[in-house]
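Close look at the chain arrangement
Single-letter residue listing:
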Amino acid sequence: MAAELSRRQWLTLVAGAGSALSLPAIGWAQPAQRSVQRLITVGGAVTEVVYALGAQSLLVATDTTSLYPEAATRTPKVGYLRQLSAEGLLSLRPDAIVGAAEAGPAIVLEQVKAAGVRVELIPADHSFAEVLRKVQTVGHITGREVQAQALAKQLKTQWAQVESTVAQAQRKPKALFILSHSGAPMVAGRGTAAHALLTLAGAQNVVQQFEGYRPLTAEAMAAAAPDVLVNSTQGIEALGGVDAFWRRPELALTPAFARKALVMMEASQLLGFGPRLPEAVSQLHSQMLKATA
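Anyway, here's the lowdown on the structure attached to this text. (Residues numbered from 1 in each chain as written. Predicted model: local features only at pLDDT ≥ 70, side-chain atom pairs only at ≥ 80, totals over all residues. Heavy atoms only, no water.)

A few points about the overall build of the chain
On a plain count of helices and strands, the chain comes out with 13 helices and 10 strands. Within the span of the chain, comprising 293 residues, buried residues form 48% of the whole. The contacts in the chain between residues at least 6 apart in sequence include a share of 61% that link residues at least 24 apart. (Helix = DSSP H or I, 4+ residues; strand = E, 2+ residues; numbered from the N terminus. Buried < 20%, exposed > 50% of the residue type's maximum accessible area, 1.4 Å probe, protein only. Contact = heavy atoms within 4.5 Å.)

Structural data, given as structure tokens:
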């Protein structure tokens with residue numbers, strides 16, 4: 001039935017039925033591929049790749065995490081990548097939606113696919129290979145394969161240089177990543193983008209006892225004894241600035257507090273695993289070493 005409905009009919013149906021629709025799984029075979037003229041990206045790193053390949057003229061919208069380059073902030077927004085709306089997406093008449101693995105909800109993407117829109121989610125494993133997958137996928141969908149190959153070659157060269165620099169470092173700082181964009185601050189354990197980033201940058205993540213993000217008590221913070229703390233510039237702003245950050249009592253007993261060792265970078269560069277990953281790892285590596293010298 002889904003294949004027989006026009007996109008306009010599907011938009012009407014979705015608006016009326018909402019999440020109560022019972023649809024086939026998202027594993028349906030992709031519809032016949034056609035030239036993409038109207039593209040939506042959900043995920044800041046994916047949007048970055050579109051601009052890096054010079055395909056931004058195809059964009060009809062992006063999600064709210066798409067903040068780089070600055071031109072991406074001026075694109076129409078479809079909301080947060082985890083809270084998408086089928087009606088909102090389909091109203092823009094996209095040919096394709098390309099997104100990060102965490103985009104959803106799944107039922108929304110099922111509805112969009114069933115309406116005939118190509119949907120591509122790029123698997124995440126918090127590695128340099130993830131960056132290359134994003135470049136290859138966006139290049140294929142936008143018809144910029146040549147540009148994608150050139151970008152991938154450039155990134156591989158940069159990455160080899162970064163890996164060599166990190167490998168030659170004489171020490172590995174004990175680091176703790178704090179996530180504080182909203183709500184109570186949490187620390188990054190295993191299996192997170194932050195854990196992968198610290199490791200790639202030659203640091204030891206002092207939180208190894210759990211996966212994901214959790215609040216950490218003052219006692220546990222002291223026991224972890226990080227030499228340097230890492231946060232995003234947005235996270236520090238959310239806590240009231242650098243001075244307010246250092247006034248937090250749970251930080252007072254850490255070696256990092258004694259030397260005020262804090263490294264912060266813009267969130268999408270720090271955790272996006274996009275084309276700026278080599279630069280992000282290089283900067284994080286050098287700044288952590290400097291902060292703990």
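That was the structure; now back to the text.
A short note on the pattern of salt bridges
Throughout the structure, instances matching the rule amount to eight salt bridges. Notably, a salt bridge pairs Glu120 with Arg118, separated by 3.4 Å at the nearest N-O pair. With its nearest N and O atoms 3.3 Å apart, the salt bridge here joins Arg190 to Glu211. Here Arg190 is found in the loop between strand E6 (186–188) and helix H7 (193–200), whereas its partner Glu211 is found in the loop between strand E7 (204–205) and strand E8 (213–214), with 21 residues between them in sequence. Members of the salt-bridge network, linked through shared partners, are Glu48, Glu266 and Arg276. (Salt bridge = Lys/Arg side-chain N within 4 Å of Asp/Glu carboxyl O.)

A short note on helix H6 (residues 145–167)
Taking 1.5 Å of rise per residue, 23 residues should cover 33 Å, and H6 covers 32 Å from first to last C-alpha, within 8% of that figure. Every buried residue of H6 is accounted for by Ala148, Leu151, Ala152, Leu155, Trp159, Val162 and Val166. Residues of H6 that are buried make contact with helix H2 (44–52), helix H5 (128–142), H7 and helix H13 (277–291). (Expected span 1.5 Å × (residues − 1).)

Points about the packing of aromatic side chains
Ring pairs (aromatic) are described by centroid distance and by the angle formed between their planes. The final tally for this structure, using the stated rule, is three aromatic pairs. Ring centres of Phe128 and Trp159 lie 4.8 Å apart, and the angle between their planes is 5°; on these two criteria the pair is classed as stacked. With a gap of 31 residues between them, Phe128 in helix H5 and Trp159 in helix H6 connect regions that are remote in the sequence. Using a relative accessible area of 11% as the deciding quantity, one classes Phe128 as buried. Arranged with centres 5.9 Å apart and planes meeting at 70°, the rings of Trp246 and Phe257 form a pair that is edge-to-face. (Phe/Tyr/Trp six-rings, centres within 6.5 Å; stacked < 30°, edge-to-face > 60°.)

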